[in-house]
Amino acid sequence: MNENAIATLIFLIAVYFLPAIVASRRGHRNKSAIFALNLLLGWTLLGWVAAFVWSLTAQDY
């Protein structure tokens with residue numbers, strides 16, 4: 001694999017896991033569930049959007 005292919009692969013993985021990354025960075029209390037949803041259903045557009053919206057929701061502590 002050349003360097004461009006590796007960089008592209010890393011970028012695509014980061015975009016795929018963006019909802020989990022956002023939830024983790026925000027300290028979301030459901031970050032494990034968001035990661036699981038993202039991992040298992042992120043390949044569907046609906047699953048990815050649901051995980052992303054969930055990661056952006058307000059949190060009541």
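This structure is a prediction, so every number in the text was calculated from the model and none was measured.

K.L.:
Can you help me understand the overall build of the chain in this one?
P.N.:
Per the secondary structure count, the chain includes four helices and zero strands. Counting from the amino terminus, helix and strand elements in the chain follow one another as α-α-α-α. For the chain, the C-alpha atoms occupy an extent of roughly 45 × 20 × 15 Å along the three principal directions. The buried share among the 61 residues of the chain stands at 21%. For the chain, long-range pairs separated by at least 24 residues make up 48% of all intrachain contacts whose partners lie at least 6 apart in sequence. A total of about 4500 Å² of accessible surface is found on the chain, and carbon and sulfur atoms cover 71% of it.

K.L.:
I tried to follow the packing of helix H3 (residues 31–41) against helix H4 (residues 45–56) on my own but got confused; where do I start?
P.N.:
When two helices pack together, their arrangement is given by the angle between the helix axes and the distance between those axes. Direction vectors running N to C along H3 and H4 enclose 165°, while the axes themselves pass 8 Å from each other. By the criterion of interaxial angle, the relationship of H3 to H4 is roughly antiparallel. The hand of the H3/H4 crossing is left-handed. Counting all contacts with H3, which are made through Ala33, Ile34, Leu37, Asn38 and Leu41, the residues of H4 involved are Gly47, Trp48, Ala50, Ala51, Trp54 and Ser55. Looking at the contact of H3 with H4 residue by residue, the class counts come to eight nonpolar, three polar and no charged.

K.L.:
Before we go on, may I ask you to explain the side chain of Ser55 in this structure?
P.N.:
Of note, Ser55 is situated in helix H4. Apart from the residues within four sequence positions on either side, Ser55 is in contact with Pro19, Val22, Ala23, Arg26, His28 and Ile34.

What counts, and where the lines are drawn
Residues numbered from 1 in each chain as written. Predicted model: local features only at pLDDT ≥ 70, side-chain atom pairs only at ≥ 80, totals over all residues. Heavy atoms only, no water. Helix = DSSP H or I, 4+ residues; strand = E, 2+ residues; numbered from the N terminus. Buried < 20%, exposed > 50% of the residue type's maximum accessible area, 1.4 Å probe, protein only. Contact = heavy atoms within 4.5 Å. Areas by Shrake-Rupley, 256 points an atom, 1.4 Å probe, with all protein chains shown as cover. Axes fitted to C-alpha atoms, helices over the stretch in contact; angles between N-to-C directions. Parallel < 35°, antiparallel > 145°, perpendicular 65-115°, else oblique. Left-handed = near helix turned anticlockwise from the far one by under 90°. Nonpolar A, V, L, I, M, F, W, Y, C, P; charged D, E, K, R; others polar.

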